[in-house]
Every structure is written in structure tokens, then in C-alpha cells.
Amino acid sequence: MAQNMMLYWASGSPPCWRVMIALEEKLLQGYKQKHLSFEKNEHKCEEVKALNPRAQVPTFKHGDIVLNESFGVCLYLENTFKSQGTRLIPDDPAEQALVYQRMFETENLQQKMYDVAFYEWYVPEGERLESALKRNKENLITELKLWEGYLEKMGKGSYLAGKNFTMADVVCFPVIAYFPYLHCPKERCPRLMEYYEMVKDRPSIKASWPLEWQKKPEGPDTLKNL
Ligand SMILES: N[C@@H](CCC(=O)N[C@@H](CS)C(=O)NCC(=O)O)C(=O)O
């Protein structure tokens, strides 16, 4: 089944990681894959460009079907292989609504984390402002408080959208994993860090753990002063 799937991916990319977790959860191991290096600009190759006009990863193909948005790939896999592996989107309307809510809210957490963690990467030297970085940090702290509140409300041992591991966890875990990796103080998000500890050894997550992180478990300390 998975042999006619192809994933173009790069290590450490949260969008790629979430697709890989979904593939694992849906028992689609054995898919074809190409690991591309950002450093070598391999994601800009003609093979990817032919499928994805933005030349980004993940780029995913199943037979003749091409999908290159990570949330889209995750939803496609769940719908196409509903009864295979972990059920990631519940049928109950209220539960389903919460899964979708947390899934798409992840974009906020991801962007606000990037705006601090990768500020120097995104903003050329002459355009950097202390005041902008400070504002980005404040925005990220406010966002983290929301997620802390969600976990607090659901109680200890809960996943992001309730008592079961769902698509909300598939898409958000790779973003949450960046906080300890980039040295975010635990006090900023103690509940998220408890959640991280609970989920990090799940087989789908371990099987897809970023290769660079395996070699060097600590990343740069760009979230240290949050
Ligand atoms: N909305 C896309 C975003 C994909 C994306 O931003 N990919 C990044 C890696 S995390 C990328 O390919 N960056 C290289 C580039 O844009 O040149 C998704 O969720 O799949």
C-alpha cells in the first residue's frame, strides 16, 4: 500500500515531521522517500519543483495524487486509511471539533516560535531591531500561556485534545519539541514540557525523530532568554 507513496522531506522541519508521524501512526511504513538537505539547497531540485511550485518540503505523492501542505497530507492519510492504524480524528462532533481547533491553532504556535527562535535567520542583519524581537517574545509568551491553559483545563496525563492521541498531537508535537531543543526555560511552559515528556517516546515519534537531533540532542539556545 505504502510502496506507491513518495515523501520528499528534510530533517528537523516540523511540517515534514508531522507527515512522518502520521505515516507511522497509519502503519504506512515502507513508503518511498527522499531525504533532502536544506544546506545543499536540495529541496529546490527539479524533481520537487515539478510537484510543488514553492519548492518546499514536505512534498508528497500517492500514486498520481500530489499534496504539498503538511496539514493536507495528514488529513488525507487519515481519511484514506481511516480503519488502519491509529484513529486520529474522532467521529463524535464535539471531540472532532476540538481536534480540528487544536490542529489549526498549531499554526499560531509554530509561527510565533519561529519568529523568536529563527529571528536572525529570517531578518537580515541591518534590519534587526531589539524592539521587534522583544515584541515577538511577548507574543510567543502570550501564545504559550494559552496552550498551558488548555492542558491545565484537561488535567494531568491528557493529550492536546483529550484523553486520546489524535491528529492534534500529530501536527503539534513537532512544534512543541522545539522548545526543549532550543533551551526554552521549563518555567515558561511547564505543562507543555510534561506533555512533551509523556509523548516523546511514542513509537511513531521516536521512529521519525529528526536525524540531526539524534546526533546532537541539544540545539542552539535561541529560546533560552524567553
Ligand atoms: N505550509 C507548508 C509549509 C512548508 C514549509 O514551510 N517548508 C519549509 C521547511 S519547514 C521549507 O521547505 N522551506 C524551504 C523554503 O521555503 O525554501 C506545510 O505546512 O507543509
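Predicted model only: the values in this text are computed from it and were never measured. (Residues numbered from 1 in each chain as written. Predicted model: local features only at pLDDT ≥ 70, side-chain atom pairs only at ≥ 80, totals over all residues. Heavy atoms only, no water.)

Asks: So, unusual backbone geometry: which residues are in play, and what are the values?
Replies: Residue Pro58 is reached from Val57 by a cis peptide bond, and omega for that bond is 5°. Relative to the helices and strands, Pro58 is located in the loop between α2 (46-51) and β3 (59-62). With a phi close to 70°, His183 is a non-glycine residue in the positive phi region. Residue placement: His183 occurs in the loop between α8 (178-181) and α9 (190-199). We classify His183 as partly exposed; its relative accessible area is 27%. (Helix = DSSP H or I, 4+ residues; strand = E, 2+ residues; numbered from the N terminus. Buried < 20%, exposed > 50% of the residue type's maximum accessible area, 1.4 Å probe, protein only.)

Asks: Give me the UniProt feature "domain: GST N-terminal" (unreviewed entry) in the protein chain: which residues, what numbers.
Replies: As recorded in UniProt, the feature "domain: GST N-terminal" (unreviewed entry) lies at residues 3-85. Overall, residues 3-85 shows 35% helix and 19% strand. The separation of its end C-alpha atoms is 17 Å. (UniProt positions renumbered as here; feature names shortened; annotations may be inferred.)

Asks: Account for the packing of aromatic side chains, with residues named and values stated.
Replies: The full count for this structure, using the stated rule, is 15 aromatic pairs. With centroids separated by 6.3 Å and ring planes inclined at 50°, the aromatic side chains of Phe173 and Trp209 adopt a geometry described as tilted. Of the two residues, Phe173 is situated in helix α7 (residues 167-176) and Trp209 in the loop between α10 (203-207) and α11 (211-215); the sequence distance between them amounts to 36 residues. Of the two residues, Phe173 and Trp209, neither departs from the other in class, the shared state being buried. The structure contains a cluster of three or more aromatic residues connected by ring pairs, namely Trp17, Tyr114, Phe118, Tyr122, Phe173, Tyr178, Tyr181, Tyr196, Trp209 and Trp213. (Phe/Tyr/Trp six-rings, centres within 6.5 Å; stacked < 30°, edge-to-face > 60°.)

Asks: Any details on the pattern of salt bridges? Residues and values, ideally.
Replies: Under the criterion given, the structure shown has 14 salt bridges. Ionic pairing is found between Lys34 and Glu47, a salt bridge with its closest N-O pair at 2.7 Å. Here the residue Lys34 occupies a position in strand β2 (residues 32-35), and Glu47 occupies one in helix α2, the gap between them amounting to 13 residues. Of the charged contacts in the structure, one is a salt bridge between Glu46 and Lys49, with a shortest N-O distance of 3.7 Å. (Salt bridge = Lys/Arg side-chain N within 4 Å of Asp/Glu carboxyl O.)

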